[in-house]
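A closer look at the structure
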Amino acid sequence: MTVNPEVVEHLIEDSVDVDTSDDLGGREVGRARVRKEDYRLITGRTKWTDNIQLPGMLHLAMVRSPYAHARITSIDVSAAKTSSGVVAVLTGADVADEQGSLPTAWPIVPDQKAPPHPAIAVDHVAFAGEIVAVVAARSAAEARDAAELVDVDYEELPPVLDLKEAEKDTVLAHPDLGTNKSAFWQFDSAAAGTGGSVDEAIEAARRDGIVIEREYRQQRLIPAFMEPRSTVVDPTGEQFVMWSATQVPHILRLMLALTLGVPESKVRVIAPDVGGGFGGKLQVTPEEVITFLVARRVGKPCKWTETRSESLLSAHHGRDQWQRLTLAATKEGRVTALKVDLLADMGAYLGLVTPGVPILGAFMFNAIYKFPAYQFNCTNLFTNKTWTDAYRGAGRPEATYAIERLMDELAVEVGVDPLEIREMNWIKHEEFPFTSVCGLEYDSGNYEAATARAKELFGYDALRAEQKQRREAGDSVLLGIGVSTFTEMCGLAPSRVLGSLSYGAGGWETASIRMLPTGKVEVVTGTSPHGQGHETAWSQIVADRLGVPFEDVEVLHGDTQVSARGLDTYGSRSLVVGGEAVLLAADKVVEKAKPIAAHLLEANVDDVHFEKGHFRVKGTDHGISIGEVSLAVFSSHNLPDGVEPSLDADATFDPINFSFPHGTHLCAVEVDTETGKTSIRSYVSVDDIGNIVNPLIVEGQMHGGIVQGVAQALWEEAVYDDQGTLVSGSFVDYTLPTAADTISFVTDNTVSPSTTNTLGTKGVGEAGCIASTPAVVNAVVDAVRHLGIDDIRMPCTPERVWKAIQSAGAHAGEATEQAQEHFAPGEPNQDTTTAPATGDQS
Amino acid sequence: MTKISVKVDGALYSDDVEPRTLLVHYLRERLGKVGTVVGCDTSNCGACTVHVDGRSVKSCNMLAVQADGHEVTTIEGLATNGELHPMQKAFSECHALQCGYCTPGMIMQAIDLVSENPNASEAEIREGMEGNLCRCTGYHNIVKAVQQGAAATAQAASTTGGQS
Amino acid sequence: MIPAAFDYVAPNTVDEALAALAQSGDDAKVLGGGQSLLPVLRMRLNAPEKVVDLSRIESLRGISEDADALVIGAMTTHHEVANSELVRTHAAVLAEAASTVADPQIRHRGTLGGALVHADPAGDLGAPILALDAELVVVGPGGERRIPAGEFFVDLFQTAVGDDELLTAIRIPKHTGWGGAYEKFVRVSHQWSIVAVAAVVDSSGDRRSAKVGLTNMGSTPLRAPATEAALAEGASVAEAAARAAEGTNPPSDLNGDSEYRAHLATVLTRRALERAMGG
Ligand SMILES: Cc1cc2nc3c(=O)[nH]c(=O)nc-3n(C[C@H](O)[C@H](O)[C@H](O)COP(=O)(O)OP(=O)(O)OC[C@H]3O[C@@H](n4cnc5c(N)ncnc54)[C@H](O)[C@@H]3O)c2cc1C
Ligand code: FES
Ligand code: FES
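The structure displayed is predicted, hence computed values, not measured ones.

For the rest of this paragraph, the subject is the overall build of chain A. In terms of regular secondary structure, chain A is built from 24 helices and 28 strands. In terms of overall dimensions, chain A is globule-like: its C-alpha atoms have a radius of gyration of 28 Å, near the 28 Å expected for 842 residues. Along the first, second and third principal axes, the C-alpha set of chain A runs to 90 × 70 × 50 Å. The buried share among the 842 residues of chain A stands at 66%. The contacts in chain A between residues at least 6 apart in sequence include a share of 80% that link residues at least 24 apart. If you sum the accessible surface of chain A, you get close to 27400 Å²; carbon and sulfur atoms cover 50% of it.

Rendered as structure tokens:
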């Protein structure tokens, strides 16, 4: 091969020609760059897994159990096998000795109990939707036709659906396990030496202070990413190639190897364009394993794409907890202790990180506050429902909801504004870094600044005045104002911390940078974006570090053959951990290039410095661009002795700490007391997520997160009937909001740079969703509190709100007794259609 | 099998199809128009929105045989001579997409909305997009993009002499 | 989401369509706009052997006047009904109700006739049709008959139209100048009505003339006779509206139990009447 240097030279753009006309001084980081990803997405040139067509490809259809709990007595596949176009029909028995058990990476305690989790059930099904057989046919329609012909006989078993029933162990989700309890996990500040004794503090407060006891329900939610899951496996060639709509191609590859005993090196996993995940695609699914098994068996490429109903039924769900809370405070409202007792619904099986989800919340109940004592007790329970696992925020929204609801209750008890009670208890900005009662070190923050800014944007005082005036005028539409001052831990995670929590992997991230001869740059990242815009943000980081144009950077990801190592995307970790790895790799490239540049410039290394893409000899205008160095390295005709002819560099970053973004969210709602309907009137969020790489992307993350959180507060719930059938099993009944149900938001930022990474960033992926749920419910309760209502169970449907108002009216004058009812024994807690699924007041 | 002739994104196709074939499957699997996607099975999400004879429809809720003799436009047929439609540009500039799965349907519906109501208010835009679900953006920037796209479409129409 | 296999015919005339239906008996299904039938077929809740597509029959489309009646072809889309000047003038409540059906894309294909024959109790077009005292024109092997709206809806998803018959047109006595309002209550915007109320009041705004139709308050759309009678006797709007749920048997589901629906009916009836009276 010959290279014409002039041609190549021509391709190398002069990297100092970056626009410096704005106050970023030519820097890319901080710029509201329109995303690189967009062009293919707005023109329909996207590579979704379901687009893939391979020669001779077969289509799979799953046969699923209609029963929540049953023994499989027989399966007759004869009619299906002879149906048109059918190539194979497999049952659990057919693959019993090769399918292994689906993995769980997080044994939170050494004696954690879990049933085996076969991809295809063999003789026992534990939730409605569990796969009992698979059909492979020449077309998707033929596969569906044949799936209808598979005849399964079941012997029904009694299902356990209710968390509190499950705790009693009278009906078992898995009779062979002997109990529904998977694990019990505790954190106690006295035992850990990070704080005092909760019991003593609560006793003291009972004598001379305030004790608030509440029970809150975190309803079951469905992540409902828009792209249905899809998997293609090509078994031809030396490696099995799997394309999958996954957030975690690297983890998936490793887990496939561990589950199926295939050498990891024989598996290549590709996550092409992925249409959203929100934790819902942070999984190793039965369907992925089955597609692999069938393709291996028939020797032809196979594709499985789910329908939306299948997705709602069988992709893992999120949340689903009962939270029993005891908050102790002084009469003035200074919190002295918080005790949390959780029941967490695992569903029928443990997924990849199912048991750890409530534990991720354990460290966040104390939120931004200085609590002297804290105890967290969590019981993980099995039920005969779809398994749960990570959903946007995973554990932290639940915790934030509980504490932010409680702080409002405390404010009422003390008789002060909810913001005042928060300020009394929060960590002052001069107290950072601050070690929380859980022993975590909060890096930076300024709750005062974010709150002041939010109040100003919101018009807090004017809205309070309007609220008062409407109440006095007897308006049937009431105004409610909700507050949420949240924090979260991002950047999962320091490997050592994960190790101490018995998580099965580390929390590092990796990146490689390859300088191409033409001066273009390839960045390979171990993160796996599915809407977050990493291609754009990583390009901005690299453009700054290497002084090359933004357009010259290409970000590659999501293919284990390209990006050999990585821990993928979840837990608001990508920028904080993966972005840092990218930055470190870029710096290594510069370090490598420097002696070469000095050699080419015939200067001493110590006299050469790098700035805006050029190596220059100090005190001269003599210089060479990094692109020119790259070309020189490619030709290698004139390198210093002993220098490796490569400018490529790898870097792996393991964070030393989490980062702790925070923010103040304020929400005004209007509650129509005649119908119970809540409408959002205005919403302001001021978030401190440290330094911002791309404001456009940050805003988008906030908007989307806020609406997902509002949806938990007002609209969404996965509901089962008393047989264990998912009632909200399609988009008709699982009610996602539309544009017509939401409003435009006011978002702003304060900046307290993180001290745990070079860029000073904190993570934003989950913030909106964590903050908004309590802000909205606080607002709804605030609107009707004067009627004697102190809680409405989520989602605050019109019916629940109306019924709460009705029964408050019926109990007028007994308002103070309401608090006790939360602990009433035998209260219906299963969100079924037959049980009265209404507010706690009913 | 039933024989159909359909004009899709300007090209005429004649094919034998099973009557039960949905238009969206015909577009994706026979014509390779994979820009149009499927997001649900109850016709709630709007991801599959295309234009049939110039009006927006959900292509998952129409049979391919029903398109016989009609003209279909998909997201892949919007750009003319490599020039993006103003609504496509607006979606990108306003960051109205994250994962982008809902985007083709959103853009197709937004164009229909604007052609019917070029001066739509924010409330009218929100109502007019109610058949399209997005899980990523919270709709804020989508609404902004439709407003910007409407203005740009009007401007493009006035400079090209009334074509929209 | 792929239907089971079926045969497909697309006749050009009503007679051809009737012949196709006669041939297959109850194994055939009529395809109007397909916005309800196709979801049913895709979920495989029904698997007809033959589908008879009405879309090529020109005579089933369009909105015209026939003396004192407004005549709407069965295959006229919701979008056309909602935007028709004729409908707005002579049957305003129907135009408003049609504009609330589903979403713009569905309204571009779904038809008035299809919606009525589908007879989903949560469907939005039955209540206005009842309040407007419309007549449904049905043809079959025995010729044409006209069915008063009050006799059209039989039960859940069941109408007076036989398997071998077609609904061809909806005839609405002109309610020129009448005030009309359709109050639809949903949790999220793309939902079917939890409850909705159609009210019409004559051009003088005299509440004694009011007629009220209810959506999703029973297995079929209903009139609200107690409310209408109370108004006729001079009761106030609030008093009369409080009786809207009398004699109804509303369903209980995820969106609300029957008690809540009964309550909603009274609130929405009051609001619809007030708006129809120009309030
Ligand atoms: C996502 C979604 C949301 C919806 N939301 C609403 C809503 O909020 N409110 C509402 O009212 N509706 C709603 N619908 C239904 C919509 O109104 C349908 O358009 C309507 O119900 C059916 O009309 P169609 O012409 O599409 O009929 P089709 O689907 O073609 O047919 C429906 C039934 O009527 C029969 N049929 C059709 N035409 C005739 C005829 N001329 N003679 C005899 N039989 C005939 C068919 O055989 C079939 O049984 C929704 C639909 C969807 C998919
Ligand atoms: S795929 Fe057509 S509306 Fe969802
Ligand atoms: S951008 Fe992901 S669903 Fe809309």
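The discussion continues.
Attention shifts here to the pairing of strand β20 (residues 521-525) of chain A. Residues and elements named next belong to chain A. Burial of β20 is extensive: five of the five residues sit out of reach of the surface. Where strand β19 (residues 509-515) and β20 come together, five bridges link them in antiparallel fashion. Within the sheet, the bridge partner assigned to Met-515 lies in β20 and is Val-521. The turn joining β19 and β20, which pair antiparallel and follow one another in sequence, is formed by five residues; a positive phi near 90 degrees is taken by Gly-519. Summarising the sheet, β20 and strand β21 (residues 553-556) pair through four bridges and their orientation is parallel. If you follow Val-524 over to β21, its bridge partner there is Leu-556. Regarding the hand of the β-α-β motif, the stretch spanning β20, helix α18 (residues 534-546) and β21 is right-handed.

Once that is clear, we can look at unusual backbone geometry. Residue and element names in this part refer to chain A. The linkage connecting Phe-432 with the following residue, Pro-433, adopts the cis geometry, with an omega of -10 degrees. Mapping Pro-433 onto the fold places it in the loop between α14 (418-425) and β16 (434-435). In this model, Asp-169 sits at a positive phi of 65 degrees, which is unusual for a non-glycine residue. Position of Asp-169 among the secondary structure elements: in the loop between α6 (163-168) and β7 (181-188). Of note, Ala-367 is a non-glycine position whose phi angle comes to about 50 degrees, a positive value. Among the residues examined, Ala-367 registers a relative accessible area of 2% and is labelled buried.

As a further point, take empty space enclosed by the protein. Residue and element names in this part refer to chain A. Taken as a whole and assessed by the stated rule, the structure comprises eleven cavities of 30 Å³ or more. Glu-37, Arg-40, Asp-273, Pro-529 and Gly-531 are, among the 16 residues lining the second largest cavity, the residues nearest its centre. Composition of the lining of the second largest cavity by domain shows at least three residues from each of domain 1 (5-30 + 508-634) and domain 2 (50-157 + 229-305).

Attention shifts here to the interface of chain B and chain C. In this assembly, 32 residues from chain B lie in contact with 31 residues from chain C. Both faces considered, chain B and chain C share a buried interface measuring about 2600 Å² in area, 54% of it formed by carbon and sulfur atoms. Put simply, B:Glu130 and C:Arg107 hold a salt bridge, and the shortest N to O gap is 3.6 Å. Where chain B meets chain C, there are 15 residue pairs in polar contact (both at pLDDT 80 or more). When residues of the side of chain B that touches chain C are traced back to their parent elements, those giving at least two are β4 (55-58) and α3 (103-116) of chain B. In terms of residue count, β4(B) provides more of the side of chain B that touches chain C than any other element does, four residues in total.

Now for the domain arrangement of chain C. Residue and element names in this part refer to chain C. The domain boundaries assigned to chain C delineate domain 1 (7-53), domain 2 (61-173) and domain 3 (179-276). Between domain 2 and domain 3, the residue contacts involve 22 residues of the former and 23 residues of the latter. Together domain 2 and domain 3 conceal approximately 1800 Å² of surface at their shared face, both sides included; 60% is due to carbon and sulfur atoms. If you sort the residues of domain 2 by the area they bury against domain 3, Glu-96, Pro-121 and Ala-131 come out on top, with a joint share of 26%. One salt bridge connects Lys-211 with Asp-133, and the closest N-O pair in it is separated by 2.9 Å. Applying the counting criterion to the domain 2 and domain 3 interface returns 13 residue pairs in polar contact (both at pLDDT 80 or more). At the level of elements, α5 (92-100), α8 (126-131) and β8 (153-155) are the ones that each hand at least two residues to the side of domain 2 that touches domain 3. The greatest single-element share of the side of domain 2 that touches domain 3, amounting to five residues, is contributed by α8.

The subject of this paragraph is helix α15 (residues 447-458) of chain A. An α-helical segment advances 3.6 residues per turn. Residues three or four places apart therefore align on the same side. Residues and elements named next belong to chain A. Taking 1.5 Å of rise per residue, the twelve residues of α15 would be expected to cover 16 Å, and the 16 Å separating its terminal C-alpha atoms lies within 8% of that figure. Within α15, the full set of buried residues consists of Tyr-447, Ala-450, Thr-451, Ala-454 and Phe-458. Buried residues in α15, looked at end-on, bunch into an arc of 95 degrees, giving them a common side. Its buried side turned inward, α15 meets α14, β17 (441-442), α16 (460-473), β18 (477-487), β26 (662-672) and β27 (678-688). Positive phi appears at Gly-459, one or two residues downstream of α15, with a value of about 70 degrees.

It is worth spelling out the pairing of β18(A) at this point. All names here are of chain A. The element β18 is extensively covered by neighbouring structure, given that ten of its eleven residues are classed as buried. Direction of pairing for β18 relative to β26: antiparallel, over a ladder of eleven bridges. Looking at the pairing, Gly-482 lines up with Cys-667 of β26.

The next point concerns the interface of chain A and chain B. With 53 residues of chain A at the contact, the number on the chain B side is 43 residues. Together chain A and chain B conceal approximately 4000 Å² of surface at their shared face, both sides included; 57% is due to carbon and sulfur atoms. Taken as a group, A:Ile42, A:Met226 and A:Ala739 account for 17% of the area that chain A buries against chain B, more than any other trio of residues on that side. Joining chain A to chain B, the criterion identifies three salt bridges. The interface formed by chain A and chain B contains 22 residue pairs in polar contact (both at pLDDT 80 or more). Listing elements by their share of the side of chain A that touches chain B, those giving two or more residues are α2 (38-43), α5 (140-147), α11 (308-314) and α21 (695-714) of chain A. Here the element with the most residues in the side of chain A that touches chain B is α21(A); it accounts for eight residues. Looking at the side of chain A that touches chain B residue by residue, the class counts come to 27 nonpolar, 19 polar and seven charged.

Bringing the nonpolar core into the picture now. Among the nonpolar cores identified, the biggest contains 142 residues, and A:Trp185, A:Phe365 and A:Phe376 are the most heavily contacted of them. When residues of this core are assigned to domains, at least three fall in each of domain 2 (50-157 + 229-305) and domain 3 (798-834) of chain A. Residues contacting A:Phe376, with those up to four places away along its chain left out, are A:Trp185, A:Gln186, A:Phe187, A:Val340, A:Leu342, A:Pro358, A:Ile359, A:Ala362 and A:Phe365. Core analysis: the next-biggest nonpolar cluster, separate from the first, contains 54 residues, A:Phe731, B:Met108, B:Ala110 and B:Cys136 among them.

All names here are of chain A. For the structure on display, the rule yields 21 aromatic pairs over all chains. Centre to centre, the rings of Trp-185 and Phe-376 are 5.9 Å apart; their planes meet at 75 degrees, and the pair counts as edge-to-face. Taken as a pair, Trp-185 in strand β7 and Phe-376 in strand β15 (residues 374-382) lie far apart in primary sequence, 191 residues in all. The residues Trp-185 and Phe-376 share a single accessibility class, namely buried. Site record: aromatic cluster; members linked through ring pairs are Trp-185, Phe-187, Phe-363, Phe-365, Tyr-374 and Phe-376. A cation over a ring is seen here: Lys-36 above Phe-550, with NZ or CZ 4.6 Å from the ring centre. The ring of Tyr-570 carries Arg-573 above its face, with NZ or CZ at 5.2 Å from the centroid.

Here is what the cut-offs are and how they apply
- Residues numbered from 1 in each chain as written.
- Chains lettered and ligands numbered in written order.
- Predicted model: local features only at pLDDT ≥ 70, side-chain atom pairs only at ≥ 80, totals over all residues.
- Heavy atoms only, no water.
- Helix = DSSP H or I, 4+ residues; strand = E, 2+ residues; numbered from the N terminus.
- Rg over C-alpha atoms; globule rule 2.2 N^0.38 Å.
- Buried < 20%, exposed > 50% of the residue type's maximum accessible area, 1.4 Å probe, protein only.
- Contact = heavy atoms within 4.5 Å.
- Areas by Shrake-Rupley, 256 points an atom, 1.4 Å probe, with all protein chains shown as cover.
- Pairing = 2+ DSSP bridges.
- Right-handed = clockwise from strand over helix to strand, strands pointing away.
- 1 Å grid on protein atoms, 1.4 Å probe; cavity = no way out; pocket = protein on both sides within 12 Å on 5 of 7 lines; lining within 4 Å.
- Points joined across faces, edges and corners; volume = space filled by probe spheres on them.
- Domains from an automatic or database assignment.
- Buried area = accessible area lost by both parts, 1.4 Å probe.
- Salt bridge = Lys/Arg side-chain N within 4 Å of Asp/Glu carboxyl O.
- Polar contact = N/O pair within 3.5 Å; in protein donor to acceptor, adjacent residues only side chain to side chain.
- Expected span 1.5 Å × (residues − 1).
- Arc of directions from axis to C-beta.
- Nonpolar A, V, L, I, M, F, W, Y, C, P; charged D, E, K, R; others polar.
- Core = buried A, V, L, I, M, F, W, Y, C linked by side-chain atoms within 4.5 Å.
- Phe/Tyr/Trp six-rings, centres within 6.5 Å; stacked < 30°, edge-to-face > 60°.
- Lys NZ or Arg CZ within 6 Å of the ring centre and 35° of its normal.

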